[in-house]
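A structural walkthrough
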Amino acid sequence: MMNCPSLISRVILSGLFVLVLAGSAHALPRIQLLATGGTIAGAQADTKQSGYKAGSFSIEYLINAVPQLKTIAELSGEQIVNIGSQDMSDAVWLKLAGRVNQLLGQPDVDGVVITHGTDTMEETAYFLNLVVKSDKPVVMVGSMRPATAISADGPMNLYNGVAVAAHPDARGRGVLVVLNDEIHYAREVQKQNSTQLDTFKSLNRGRAGVVNTGAPVFFSKPVPRHTASSEFSVEGVAALPRVEIFYAHANMGGEFIDSAVKSGVKGIVLAGVGDGNATTPALEALSKAAKAGVAVVRSTRTGSGVVARNVEVNDDRMGFVASMELNPQKARVLLMLGLMKTGDPKQLQGFFVEY
Ligand code: ASP
């Protein structure tokens, strides 16, 4: 016959077992979806190329379109804005960064997935990569085909994005972009094709990894300084310094650069030809701007490569900063954040080496 203490301990143990089981039923990672619009939420009346509208569907619609999401994460969703990402602005970035930081600071949130248009996704991703203060995963997803298209790519991209955000290997890697079964680091990724599904490439350092029906494999580590180890913060910031990009071309003049300086820009990024170069009049106007206190960063319009100091252009003499591996649109992001700390070209150059 069973003695009393052992009966009691069995009852306690089986009670604990039931509790553990109940706990594990709730053990799915808790992922918060933040929706901003884009083609992933876009609708097209017919299958012709023209006339689709980005940002037509709500976050609930996107979640309901992929019922399998419920098997990989406990999801909640929130609409931040519903716009085409060509209209992305500093104000939305600041709102988004504030909300992501707030959510990731909560113990009941394990990661964030942001749906976003693909046009400026790399800029938003890099901005968040510099100002989010957490090691928890932040994943951006979009699509190249509208939600109503034949073989829309959004549902699988969303599924893969949530799966990556829910995966322990995604921690500490900074902001990730997931599209077309690939994972990219925010700093490396660029939109490279206007319409094709495989538009996102990480030309300098290669993609971060791949994801096959929700199973991610990472190939490489990111550049060390980002998110939790970044020195940049937009907490309490109401506006970002104005930085414009000038696209270099044959026969480029300096007069539009002069008028940008007159209009009060704080920084200029040159999308230079080749190794960050431009015509003599354009370089002279840029040097004049730098000497007047406007920060000037030289990048390249080529889409890849490293623009290093003093190779074809004498940065020391002209007062310029070299963008290193950053393309013009990402150099603009880093320059805006850098300018909130310093206007000194030497210190700004340090940021472009580290980030
Ligand atoms: N114009 C759209 C956007 O960026 C394109 C896309 O999402 O693919 O919002």
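Here, the structure is the one placed above.
Note that this is a predicted model, so its numbers are computed, not measured. (Residues numbered from 1 in each chain as written. Predicted model: local features only at pLDDT ≥ 70, side-chain atom pairs only at ≥ 80, totals over all residues. Heavy atoms only, no water.)

1. Some thoughts on the sheet that holds strand 9 (residues 209–212)
Paired through backbone hydrogen bonds, the strands of a sheet run either parallel or antiparallel to each other. Heads up, the condition is: Here, a strand pair is defined by DSSP locating no fewer than two bridges between the strands. Only DSSP runs of H or I covering at least 4 residues are called helices, and only runs of E covering at least 2 are called strands; the numbering of each starts at the N terminus. A fitted line through C-alpha atoms represents every axis, and for helices the fit uses only the stretch in contact; the resulting angles, taken between N-to-C directions, go from 0 to 180 degrees. Contacts were defined at the residue level, with two residues in contact if any of their heavy atoms lie within 4.5 Å.
The strand order 2-1-3-4-5-6-9-10 describes an open sheet built from eight strands, whose pairing is mixed. Lying at the two open borders of the sheet, with one neighbouring strand each, are strand 2 (74–83) and strand 10 (215–218). Taken over all neighbouring pairs, the strand axes of this sheet differ in orientation by 25 degrees on average, direction set aside. Sitting on the sheet, helix 4 (residues 121–131) touches strand 3 (111–115), strand 4 (138–141) and strand 5 (175–179), and the angle it makes with strand 5 is about 155 degrees.

2. Observations regarding the side chain of S323
As a reminder, the rule being used: Each polar contact in these results corresponds to two N or O atoms within 3.5 Å; when the atoms are within protein, one needs to be able to donate a hydrogen and the other to accept it, and residues that are neighboring in sequence are counted only if both atoms are side-chain atoms.
The topology assignment puts S323 in the loop between strand 14 (321–322) and helix 9 (328–339). One polar contact links S323 to S299, side chain to side chain, over a distance of 3.4 Å. A polar atom in the side chain of S323 sits 3.1 Å from the backbone oxygen of L326. In contact with S323, not counting residues within four places along its chain, are V297, R298, S299, V307, A331 and F352.

3. Structural notes on the pairing of strand 3
Consecutive residues of a regular strand have side chains that alternate between opposite faces of the sheet. Cut-off, in case you're wondering: Relative accessibility decides the category of a residue: with a 1.4 Å probe and only protein chains considered, values under 20% of the type maximum give buried, values over 50% give exposed, and everything between is partly exposed. Crossovers are described as right-handed under a simple rule: with the strands pointing away from the observer, the path leading from the first strand over the helix to the second runs clockwise.
Among the five residues of strand 3, five are classified as buried, and the element is accordingly described as predominantly covered. As judged from the four bridges shared by strand 3 and strand 4, these two strands associate in the parallel manner. Bridge pairing in strand 4 links V112 to V138. A crossover connection joins strand 3 to the parallel strand 4 through helix 4; in handedness this β-α-β unit is right-handed.

4. Observations regarding the sheet that holds strand 13 (residues 295–300)
Pairing is parallel in the open sheet, where four strands are placed in the order 11-12-13-14. Unpaired on one side and paired on the other, strand 11 (243–247) and strand 14 mark the two borders of the sheet. Where strand 12 (residues 267–272) meets strand 13, six bridges bridge the pair, whose relative direction is parallel. Across the sheet, the residue bridging to G267 is A295, located in strand 13.

5. Points about empty space enclosed by the protein
Here is the rule we go by: Buriedness of a pocket was judged along seven lines, with at least five required to meet protein on both sides within 12 Å; pockets are open sets of points on a 1 Å grid over the protein atoms alone, cavities are sets where a 1.4 Å probe fits but cannot get out, and lining residues have an atom within 4 Å of a point. Grid points are joined across faces, edges and corners, and a volume is the space filled by probe spheres set on the points. Each residue is assigned to one class: nonpolar for Ala, Val, Leu, Ile, Met, Phe, Trp, Tyr, Cys and Pro, charged for Asp, Glu, Lys and Arg, and polar for all the others, Gly among them.
Per the counting criterion, the structure on display carries two cavities of 30 Å³ or more. If you go around the largest cavity, you meet 16 residues; those closest to its centre are Q190, N204, E325, L326 and N327. Residue composition of the lining of the largest cavity, grouped by class: three nonpolar, nine polar and four charged. Estimates place the volume of the second largest cavity at around 70 Å³. Taken together, Y126, N129, R173, Y185, A186, R187, E188, P222, V223, R225, H226 and Y355 make up the full set of residues lining the second largest cavity. Its residues assigned to classes, the lining of the second largest cavity comprises six nonpolar, two polar and four charged.

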